[in-house]
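# Analysis of the macromolecular model
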Amino acid sequence: KEWADKSRRDMQDSRGLEHDPPPLYHHESKPIREEVEDFVIDICDDEHAMVRGELVKAGKEAYLWLRDYFVDSPGVVVSNKAHFLELAERWQYDPCERTDARP
């Protein structure tokens, strides 16, 4: 809650908004609808390892670009740089691997 409030204030200040931006809501997973159930995959299944590898590779490149270029670019306001980068850093890891095996 505290982080969300700070982000909203920073957005308001950096954009010169006269009114408060709408609140940030917590995302909650929803059950899979029956009509799409047959199309759902488990990305952690071995058969998807190659695709997952490509996604992780793209995630690492995106994280490095965000860290090395984006967050310090002129005109870019990141409300909580450390938290933002902490979240983006996770993109370079396979979400299906054990977290205790990471460097």
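A brief look at the structure comes next.

Cut-off values and rules
Residues numbered from 1 in each chain as written. Predicted model: local features only at pLDDT ≥ 70, side-chain atom pairs only at ≥ 80, totals over all residues. Heavy atoms only, no water. Axes fitted to C-alpha atoms, helices over the stretch in contact; angles between N-to-C directions. Helix = DSSP H or I, 4+ residues; strand = E, 2+ residues; numbered from the N terminus. Parallel < 35°, antiparallel > 145°, perpendicular 65-115°, else oblique. Left-handed = near helix turned anticlockwise from the far one by under 90°. Contact = heavy atoms within 4.5 Å. Buried < 20%, exposed > 50% of the residue type's maximum accessible area, 1.4 Å probe, protein only. Polar contact = N/O pair within 3.5 Å; in protein donor to acceptor, adjacent residues only side chain to side chain. Salt bridge = Lys/Arg side-chain N within 4 Å of Asp/Glu carboxyl O.

### Some points on the packing of helix H2 (residues 49–70) against helix H3 (residues 81–89)
One way to put it is that H2 packs onto H3 with a least axis distance of 9 Å and a crossing angle of 160°. By the criterion of interaxial angle, the relationship of H2 to H3 is roughly antiparallel. Remark: the crossing between H2 and H3 carries left-handed chirality. Of H3, the residues touching H2 (which contributes Tyr63, Leu66 and Arg67) are Phe84, Leu85, Ala88 and Glu89.

### Some details on the side chain of Arg52
Summarising the element assignment, Arg52 is placed in helix H2. On the basis of relative accessible area, Arg52 is assigned to the buried category, the value being 9%. Within the structure, Arg52 has its side chain in polar contact with the backbone oxygen of Ile43 (distance 2.6 Å). Setting aside residues no more than four positions away along its own chain, Arg52 makes contact with Ile43, Cys44, Asp45, Asp94 and Cys96.

### Here's the deal with the pattern of salt bridges
Applying the stated criterion to the full structure yields 4 salt bridges. A salt bridge links Arg67 to Asp68; its shortest N-O distance comes to 2.7 Å. With relative accessibility at 36%, the residue Arg67 sits in the partly exposed group. A relative accessible area of 43% places Asp68 in the partly exposed class. Notably, a salt bridge pairs Glu86 with Arg90, separated by 3.9 Å at the nearest N-O pair. Of the residues examined, Glu86 reaches a relative accessible area of 42% and is grouped as partly exposed.

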